[in-house]
Amino acid sequence: QVQLVESGGGLVQPGGSLRLSCAASGNILSINTMGWYRQAPGKERELVATITRSEKINYGESVMGRFTISRDNAKKTVYLQMNSLKPEYTAVYYCNAPNIFISTFTFVEVWGQGTLVTVSS
């Protein structure tokens, strides 16, 4: 069973910082792309950032220049560093890996359970 587990969410004041982590576990050969998405109450889920194994990065328009995505391939973990947080960033943040290879020609897409980030005074 391949799974992604997020951690690091919580309550933070406006202007504060938070670092999210997402660790993959299970029978994994490799992970091509890992990324973060978020969903605020009453809104659609949106892209935050993605990063490939070779560290090609794609940021969503709303977070470009504000958040930083990174990964540690040895630990099978992706991170999201969030600085200068604003209340409108409050959302459930989900980790996603659309192509976790469990064999040479077989991959699965996996979503984490989500971690809540609340930006409030």
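These lines cover the structure that appears in this document, whether it is placed above or below. (Residues numbered from 1 in each chain as written. Predicted model: local features only at pLDDT ≥ 70, side-chain atom pairs only at ≥ 80, totals over all residues. Heavy atoms only, no water.)

### Describing the sheet that holds strand 1 (residues 3-7)
What counts here: In this scheme, strands are said to pair when DSSP sees at least two bridges between them. By definition, any uninterrupted DSSP run of H or I lasting at least four residues is a helix, any uninterrupted run of E lasting at least two residues is a strand, and each is numbered from the N terminus. Fitted lines through C-alpha atoms give the axes, limited to the stretch in contact for helices. The angle between two N-to-C directions lies from 0 to 180 degrees.
Spatial strand order, 1-3-9-8: four strands in an open sheet with antiparallel pairing. Two strands lie at the open edges of the sheet, namely strand 1 and strand 8 (67-72), each paired on one side alone. Across the sheet, the mean angle separating the axes of adjacent strands is 15° when strand polarity is ignored. In this sheet, strand 3 (residues 18-25) lies alongside strand 1 in antiparallel orientation, the contact comprising five bridges. Paired with Glu-6 across the bridge in strand 3 is Cys-22.

### Remarks on the packing of aromatic side chains
Put simply, the rule reads: Each aromatic pair joins two rings of Phe, Tyr and Trp (for Trp, the six-membered one) with centres within 6.5 Å, and gets the label stacked for planes under 30 degrees apart, edge-to-face for over 60, and tilted for any other angle. Only protein chains enter the accessibility calculation, which uses a 1.4 Å probe; a residue is then buried when its area is under 20% of its type maximum, exposed when over 50%, and partly exposed in between. Here, a charge over a ring is recorded when the distance from Lys NZ or Arg CZ to the ring centre is within 6 Å and its angle to the ring normal is within 35 degrees.
Applying the stated rule across the entire model yields three aromatic pairs. For the ring pair Phe-67 and Tyr-89, a centre distance of 5.3 Å and an interplane angle of 80° mean the geometry is edge-to-face. In this pair, Phe-67 is assigned in strand 8 and Tyr-89 in the loop between strand 9 (77-82) and strand 10 (91-103), connecting sequence segments 22 residues apart. For the pair Phe-67 and Tyr-89, a shared accessibility class is recorded, and that class is buried. On the basis of an interplanar angle of 50° and a centroid distance of 5.4 Å, the ring pair of Phe-101 and Phe-107 is categorised as tilted. Its relative accessible area of 23% is what places Phe-101 among the partly exposed residues. In this structure Phe-107 comes out as partly exposed when scored by relative accessible area, which is 47%. Arg-19 extends its terminal NZ or CZ atom over the ring of Tyr-79, reaching a point 4.0 Å from the ring centre. Here the basic side chain of Arg-45 rests over the ring of Trp-111, its NZ or CZ set 4.7 Å away from the ring centre.

### Comments concerning the environment of Gly-35
Our working rule: When checking whether two residues touch, look at their non-hydrogen atoms; a contact exists if any pair is within 4.5 Å.
Locating Gly-35 in the fold gives a position in strand 5 (residues 33-39). Judged by its relative accessible area of 1%, Gly-35 falls in the buried class. Residues Gly-35 and Gln-1 lie 34 residues apart in sequence; the distance between their C-alpha atoms is 19 Å. The contacts of Gly-35, once residues within four sequence positions are left out, are Ala-49, Thr-50, Ile-69, Tyr-94, Cys-95 and Asn-96.

### What to know about the environment of Ile-28
By secondary structure assignment, the location of Ile-28 is in the loop between strand 3 and strand 4 (30-31). Of the residues examined, Ile-28 reaches a relative accessible area of 12% and is grouped as buried. It is 9.2 Å that separates the C-alpha atoms of Ile-28 and Phe-107, two residues lying 79 residues apart in sequence. Setting aside chain neighbours within four positions, we find Ile-28 in contact with Val-2, Lys-76, Ile-100 and Phe-101.

### So, the side chain of Thr-33
Within the secondary structure, Thr-33 is located in strand 5. Residue classification places Thr-33 among the buried positions, given a relative accessible area of 16%. Not counting chain neighbours up to four residues away, the residues in contact with Thr-33 comprise Thr-50, Ile-51, Thr-52, Arg-71, Asn-96, Ala-97, Pro-98 and Asn-99.

### Thoughts on the state of the cysteines
Inclusion rule: Only a pair of cysteine sulfur atoms within 2.5 Å counts as a disulfide in this structure description.
Throughout the structure, instances matching the rule amount to one disulfide. A sulfur-sulfur separation of 2.0 Å characterises the disulfide bridge that pairs Cys-22 with Cys-95. Between Cys-22 and Cys-95, the disulfide has an S-S torsion of -85° and is therefore left-handed. One end of the pair, Cys-22, is in strand 3; the other, Cys-95, is in strand 10, and 73 residues separate them in sequence. Under the relative-accessibility criterion, Cys-22 is labelled buried at 0%.

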